[in-house]
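Architecture at a glance
This is what each chain is made of:
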Amino acid sequence: MNQASPDTLPIIAITSGEPAGIGPDIILSALNESSFAARLVILGDVDLLRSRAKTLNLKLDIEPLAPNAKPPAHQPGRISLMHIPMAEMAQPGQLNIANSPYVLETLKQAGEGCLSGKFDGIVTPPVHKGILCQTGTHFSGHTEFFQAQCHSPHVVMMLASEAMKVALVTTHLPLKDVSEAITEETLRKVTLALHRDLQTKFGIEQPRILVCGLNPHAGEDGHLGREEIETITPALDKLRSEGLDLIGPLPADTLFTPNYLENADCALAMYHDQGLPVLKYSGFGNAVNITLGLPIIRTSVDHGTAIDLAGTGNANHGSLNVAIQHAINMANNAKKFSK
Ligand SMILES: NC(=O)C1=CN([C@@H]2O[C@H](COP(=O)(O)OP(=O)(O)OC[C@H]3O[C@@H](n4cnc5c(N)ncnc54)[C@H](O)[C@@H]3O)[C@@H](O)[C@H]2O)C=CC1
Ligand SMILES: NCC(=O)COP(=O)(O)O
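Residues numbered from 1 in each chain as written. Chains lettered and ligands numbered in written order. Predicted model: local features only at pLDDT ≥ 70, side-chain atom pairs only at ≥ 80, totals over all residues.

Before going further, it helps to examine the overall build of the chain. Each helix and strand in the chain was counted, giving 12 helices and 12 strands. Over its C-alpha atoms the chain spans a radius of gyration of 20 Å, differing by no more than 12% from the 20 Å that the globule rule assigns to 339 residues. Evaluated residue by residue, the chain yields a buried proportion of 47% over its 339 residues. Within the chain, contacts between residues at least 6 apart in sequence are counted, and of these 74% link residues at least 24 apart. (Helix = DSSP H or I, 4+ residues; strand = E, 2+ residues; numbered from the N terminus. Rg over C-alpha atoms; globule rule 2.2 N^0.38 Å. Buried ≥ 20, exposed ≤ 12 C-beta atoms within 10 Å, placed from the backbone. Contact = placed C-beta atoms within 7 Å.)

Here you go:
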């Protein structure tokens, strides 16, 4: 049982995610079964949450907050909600472009609330990037959405499981554009942002980071690609001379083996599908996605919208639990540092 006064608990906003996916399902089951030492507020449509609770046969008390009211301390079975109306009632499993503006609005209000100090952190259940892009807005991910909203020059996507932390130099880029995006400047900024946040957000005094090469066998001395020699090694050497503990560039296929991982704090992959499949293989369903380098706290789940499972009761809320708990811990740490 939490002993802290409710007024000191962090306020964490949780967006409802893609309404036809499992976002509403995992919010309902997580907040029904688990207990969080925080004031949680869902940003979403009250009828969506109530209707999905009925479909899932979950008995929860779902109440909209009065304007400007603060959410109470979380109690299992009770949900406080900031009502944001959907255009049309969502059917589980059926994407509807009419509700895309709603999804974007929940993110916008979450970000604004964090920037204004109304919320202490944001947790985002999954959205469907494809249906959002169909509106004509280019949406490649929450990471880039909040980066733009916060005017942050460099953010880093990092996923963390019990077994490992994996950060990415590039995020949602077509593979054909990756090589060009890996410049000495980008590597420098991403690695510095990662190093700093491992220190400040995870309390690791001197983080040791394993850095992947881009090419097979990290280029095999230039015979299988030259990015390691021309770009990655010079960027890492400069950072090493400034005191960072960096190993690499290492062949990505051997970097993710126990000998390396056991002696390091984080792996830095060059692109999305170089690092994330390994992390998801080791911890899918219990990992957290954290955006580093933002002025606000933002965590997310390790999975997507799982349209096939919406409304079935088979969606696992383990990763959402971890994402909420990480946001709470980071918000509490931030409060300590600001005193
Ligand atoms: N944070 C976010 O907003 C994320 C959004 N996505 C988006 O989700 C959409 C679908 O992506 P997919 O690649 O199909 O991945 P997905 O994670 O939605 O599904 C992959 C497989 O895992 C299962 N699964 C996913 N979450 C689960 C859970 N909580 N419990 C039990 N089983 C679960 C699904 O049923 C499916 O078989 C895409 O539009 C993608 O961009 C993907 C990852 C993160
Ligand atoms: N694979 C993780 C992912 O794509 C999530 O991206 P984001 O929406 O957190 O930017």
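Time to look at the UniProt feature "binding site: a divalent metal cation" (unreviewed entry) in the chain. UniProt annotation of "binding site: a divalent metal cation" (unreviewed entry) refers to His172, His217 and His272 when read in the numbering used here. A maximum C-alpha distance of 23.4 Å shows the annotated residues, which cover 101 residues in sequence, to be distributed over more than one spot. Tracing the chain through its elements places histidine 172 in the loop between strand S7 (165–168) and helix H6 (178–181). Mapped onto the elements of the fold, histidine 217 is located in the loop between strand S8 (208–212) and helix H8 (227–241). Of the residues examined, histidine 217 has 16 C-beta atoms within 10 Å and is grouped as partly exposed. Apart from residues lying up to four places away in sequence, histidine 217 is in contact with Leu224 and Pro251. (UniProt positions renumbered as here; feature names shortened; annotations may be inferred.)

The next subject is the site of ligand 1. Around ligand 1, a shell composed of 18 residues is seen, among which Pro126, His303, Gly304, Ala306 and Asn316 lie nearest. Counting only elements with at least two residues in the shell around ligand 1, the list comes to helix H4 (129–133) and strand S12 (298–301). The class makeup of the residues in the shell around ligand 1 is eight nonpolar, eight polar and two charged. (Near = placed C-beta within 6 Å. Nonpolar A, V, L, I, M, F, W, Y, C, P; charged D, E, K, R; others polar.)

What follows is about helix H1 (residues 23–33). The buried fraction of H1 amounts to nine of the 11 residues, a majority that puts the element mostly inside the structure. Regarding H1, the residues found buried are Gly23, Pro24, Asp25, Ile26, Ile27, Leu28, Ser29, Ala30 and Leu31.

Ligand 2 sits among Gly141, His142, Thr143, Leu276, Asn289 and Ser300. When the residues that make up the shell around ligand 2 are grouped by side-chain class, the tally is one nonpolar, five polar and no charged.

Turning our eyes to something else, we now look at the nonpolar core. Within soluble globular proteins, side chains that are nonpolar tend to cluster in buried spots. Counting 99 residues, the largest nonpolar core has Ile12, Leu194, Ala267 and Leu268 as the members making the most contacts within it. By residue number, the principal contributor to this core is helix H12 (residues 318–338), which donates eight residues. A domain split of this core shows at least three residues from each of domain 1 (1–152 + 294–338) and domain 2 (154–284). Setting aside its immediate chain neighbours within four residues, leucine 268 contacts Ala167, Val169, Thr191, Leu194, Ile209, Leu210, Val211 and Cys212. (Core = buried A, V, L, I, M, F, W, Y, C linked by C-beta atoms within 7 Å. Domains from an automatic or database assignment.)

Further remarks concern the packing of helix H3 (residues 100–115) against helix H5 (residues 142–150). Between H3 and H5, whose axes approach to 11 Å, the crossing angle comes to 45°. One way to sum up the angle between H3 and H5 is to call them oblique. Like other packed secondary-structure pairs, H3 and H5 cross with a definite hand, here right-handed. In this structure, H3 uses Leu107, Gly111 and Leu115 to contact H5, whose residues at the interface are His142, Phe145, Phe146, Gln149 and Cys150. Considering only residue class, the contact of H3 with H5 consists of five nonpolar, three polar and no charged. (Axes fitted to C-alpha atoms, helices over the stretch in contact; angles between N-to-C directions. Parallel < 35°, antiparallel > 145°, perpendicular 65-115°, else oblique. Left-handed = near helix turned anticlockwise from the far one by under 90°.)

Low-pLDDT stretches of the model should not have their predicted coordinates read in fine detail. Averaged over the chain, the pLDDT score is 95; the fraction of residues at 70 or greater is 98%. Under the prediction, the complex receives an ipTM of 0.98, its pTM being 0.95. (pLDDT = per-residue confidence, 0-100.)

What follows is about the UniProt feature "binding site: substrate" (unreviewed entry) in the chain. UniProt's feature table lists "binding site: substrate" (unreviewed entry) at His142, Thr143, Lys280, Asn289 and Arg298, given in the numbering used throughout. One can find lysine 280 in helix H11 (residues 272–283). Exposure remark for lysine 280: the 16 C-beta atoms within 10 Å place this residue in the partly exposed category. Inspection of the secondary structure puts asparagine 289 in strand S11 (residues 288–292). If we ignore the near neighbours within four places in the chain, the residues touching asparagine 289 are Met157, Leu159, Thr299, Ser300, Val301 and Asp302.

Moving on to the domain arrangement of the chain. Taken domain by domain, the chain consists of domain 1 (1–152 + 294–338) and domain 2 (154–284). Across the boundary between the two partners, domain 1 contributes 11 residues, which contact nine residues of domain 2. At the level of secondary structure, the elements contributing two or more residues to the side of domain 1 that touches domain 2 comprise H5 and H12. Looking at side-chain class alone, the side of domain 1 that touches domain 2 contains two nonpolar, seven polar and two charged residues.

Below, the discussion takes up unusual backbone geometry. With an omega of 5°, the peptide bond between glycine 248 and proline 249 qualifies as cis. Note on placement: proline 249 falls in strand S9 (residues 245–250). For asparagine 57, which is not glycine, the phi torsion reads 60° and is therefore positive. Mapped onto the fold, asparagine 57 is located in the loop between helix H2 (46–55) and strand S3 (61–64). In the Ramachandran plot, alanine 306 falls in the positive-phi region, its phi being about 40° despite a non-glycine side chain. A tally of 20 C-beta atoms within 10 Å means that alanine 306 is categorised as buried.

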